[in-house]
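Given next are the chains, with one letter for each unit.
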Amino acid sequence: MISIRAILVALMMPAAALAQDSMEQARAIADATPSAPQHLSLVELPLPAGKAIALFDGRSLRGWTAWLGYPDPSVTYKANPGAVPIGVGRDTRGDFAVRQVDGAPAIWVKGETWGSLVHRADLRDYHLRLQYKWGAKTWAPRVEAPRNNGLLYHSHGAPGEVFGTWRPSVEFEIMKGSTGMVVTVGTKVRAQTKVAFDPSLIAPHLRFRLGGRPVDMINGTPTWNVEAASDAERPIGAWNTLDLYVLGDRAIHVVNGVPTAEVTGLATISPDGTRSPLTHGHIQLQSEGAETWFRAITIEPIRALPKIVGTNG
């Protein structure tokens with residue numbers, strides 16, 4: 001997901017100048033913290049504090065509500081899209097459905113029209129696990145771009161409040177090459193994490209690093225997203241397992257057993273600038289240009305977070 005401000009800045013500046021400017025910003029933000037590889041792992045995994053609950057019953061989309069953005073997704077990030085979101089204004093069985101794949105039921109997300117499935121449960125202090133894999137189809141305007149989707153958590157606010165398509169939230173990015181990345185969805189959400197400057201990345205050139213420079217993530221600024229510590233995703237066509245650990249205003253992203261990011265200080269910002277802890281909310285399964293399958297979606301309550309440990313090199 002990209003911000004309106006980023007697009008407007010890009011349109012006004014020559015490409016070379018923009019790239020150099022964003023590099024200098026990232027270098028300053030990260031205080032030149034090196035981006036050398038780290039090998040991260042999880043320890044002190046929390047015991048479940050209660051019974052696991054399935055958010056997908058394997059038969060239907062019971063408990064989930066669909067919301068669709070604009071008929072033409074290419075206008076989504078425009079300041080004046082000149083269109084009205086579809087919302088709940090059409091039958092969405094051609095966008096989201098339960099179908100059989102690899103011999104078992106899964107939630108099918110077509111991906112052509114952007115939007116999301118929102119679960120009705122208001123969740124807090126949990127370990128969420130799901131499996132996903134990419135389908136065959138990609139759609140304009142992302143036909144040639146990396147496959148993209150996302151698990152949005154601590155979602156709140158009005159449907160379509162962000163770009164007419166999503167609710168304010170924090171994103172566990174699901175994107176080829178970047179799964180596990182952290183994104184703040186909407187300008188009213190804040191998240192804190194630790195970063196290094198990585199010139200191999202596109203803007204904003206920031207990668208999660210254990211022990212890195214602390215930053216406050218704000219959509220529409222040079223800290224609107226932070227790349228995953230590493231790419232732990234399997235090849236297209238294979239199933240991947242995501243684990244999301246959330247406790248209060250903190251969260252840890254894990255991809256196929258590998259921790260990719262840790263966030264703290266999740267918060268909302270009121271119109272007068274007051275910062276309030278963001279400790280609960282709904283989850284959203286995105287539709288953003290790529291056919292995707294989801295299955296085995298469960299949550300269990302926790303009273304502690306695991307710990308990320310790592311070695312350099």
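In what follows, the structure referred to is the one given above.
The rules we used
- Positions within a chain are numbered from 1, following the residues in the order the chain's sequence is written.
- Local features in this predicted model are restricted to residues whose pLDDT is 70 or higher, and side-chain atom pairs enter the listing and the counts only when it is 80 or higher, whereas totals over whole chains, interfaces and linings include all residues.
- Side-chain measures here rest on the full set of heavy atoms in the structure, leaving out hydrogens and waters.
- Numbered from the N terminus, helices here are DSSP runs of H or I no shorter than four residues, and strands are runs of E no shorter than two.
- Radius of gyration here uses only the C-alpha atoms, and the compact-globule reference equals 2.2 Å multiplied by the residue count raised to the power 0.38.
- The buried label goes to any residue with under 20% of its type's maximum accessible area, the exposed label to any with over 50%, and the partly exposed label to all in between, with areas taken from a 1.4 Å probe on protein chains only.
- Only heavy atoms matter for contacts: two residues are in contact if any of them lie within 4.5 Å across the pair.
- In these tables, accessible area is a Shrake-Rupley quantity obtained with a 1.4 Å probe, and a residue counts as shielded only by the protein chains included in the view.
- The sign given to each residue is positive for Lys and Arg and negative for Asp and Glu; His and the chain ends receive no count.
- To locate a charge, take NZ of a lysine, CZ of an arginine, CG of an aspartate or CD of a glutamate.
- A pair is scored as a salt bridge if a Lys or Arg side-chain nitrogen falls within 4 Å of a carboxyl oxygen belonging to Asp or Glu.
- A pair of strands counts as paired when DSSP detects no fewer than two bridges linking them.
- Here a polar contact is taken to be a pair of N or O atoms separated by no more than 3.5 Å, where protein atoms must pair a possible hydrogen donor with a possible acceptor and residues adjacent in sequence count only if both atoms sit in side chains.

Trainee: Sorry if this is basic, but what is going on with the overall build of the protein chain here?
Mentor: On a plain count of helices and strands, the protein chain comes out with two helices and 21 strands. Since a compact globule built from 313 residues should have a radius of gyration of about 20 Å, the 19 Å found for the protein chain is in line with a globular shape. Over its C-alpha atoms, taken along the principal directions, the protein chain stretches across nearly 50 × 50 × 45 Å. The 313 residues of the protein chain split such that 51% are buried. Summarising the internal contacts of the protein chain: among those between residues at least 6 apart in sequence, 72% fall at separations of at least 24. Taken as a whole, the protein chain presents about 13,500 Å² of accessible surface, with 56% of it coming from carbon and sulfur. Here the protein chain contributes 31 positive and 28 negative side-chain charges, whose respective centroids are spaced 4 Å apart.

Trainee: Teacher, can you tell me more about the pattern of salt bridges here?
Mentor: In total, this model carries 12 salt bridges according to the counting rule given. In this structure, Asp95 engages Arg90 in a salt bridge whose closest nitrogen and oxygen atoms are separated by 2.8 Å. Among the salt bridges present, the one from Asp198 reaches Arg207, with a minimum N-O distance of 2.8 Å. On the basis of relative accessibility, which here comes to 18%, the residue Arg207 falls in the buried class.

Trainee: It is not clear to me how the sheet that holds strand E3 (residues 64-68) should be interpreted in this structure. Could you clarify?
Mentor: Think of a sheet as strands paired side by side through backbone hydrogen bonds, with each pair either parallel or antiparallel. As summarised here, the arrangement of the seven strands in space is E3-E6-E19-E8-E9-E10-E14, forming an open sheet in which the pairing is antiparallel. Each of the sheet's edge strands pairs with one partner strand only, and the pair in question is E3 and strand E14 (225-226). The pairing of strand E8 (residues 148-155) with strand E9 (residues 169-175) spans six bridges and is classified as antiparallel. Residue pairing in the sheet places Leu152 in a bridge with Glu171 of E9.

Trainee: Explain unusual backbone geometry here, please?
Mentor: Across residues other than glycine, the phi torsion is negative in most instances, and most of the peptide bonds are trans. Each neighbour pair has its own omega, and for Ala140 with Pro141 the value is 5 degrees, a cis peptide bond. Locating Pro141 in the fold gives a position in the loop between strand E7 (126-138) and E8. A cis amide bond, omega 15 degrees, links Ala203 with the succeeding residue Pro204. The phi dihedral of His154 is positive, around 50 degrees, even though this residue is not glycine.

Trainee: Help me understand the environment of Pro235 in this model?
Mentor: The residue Pro235 is located in the loop between E14 and strand E15 (240-247) in this model. For Pro235, a relative accessible area of 58% gives the class exposed. Taking C-alpha positions, Pro235 is 26 Å from Pro73, a pair spaced 162 residues apart along the chain.

Trainee: Explain the side chain of Glu288 here, please?
Mentor: With respect to the helices and strands, the residue Glu288 is situated in the loop between strand E19 (282-287) and strand E20 (290-301). Looking at Glu288, its side chain comes within polar contact range of the side chain of Tyr77, at 2.9 Å. Looking at Glu288, its side chain comes within polar contact range of the side chain of Gln286, at 3.5 Å.

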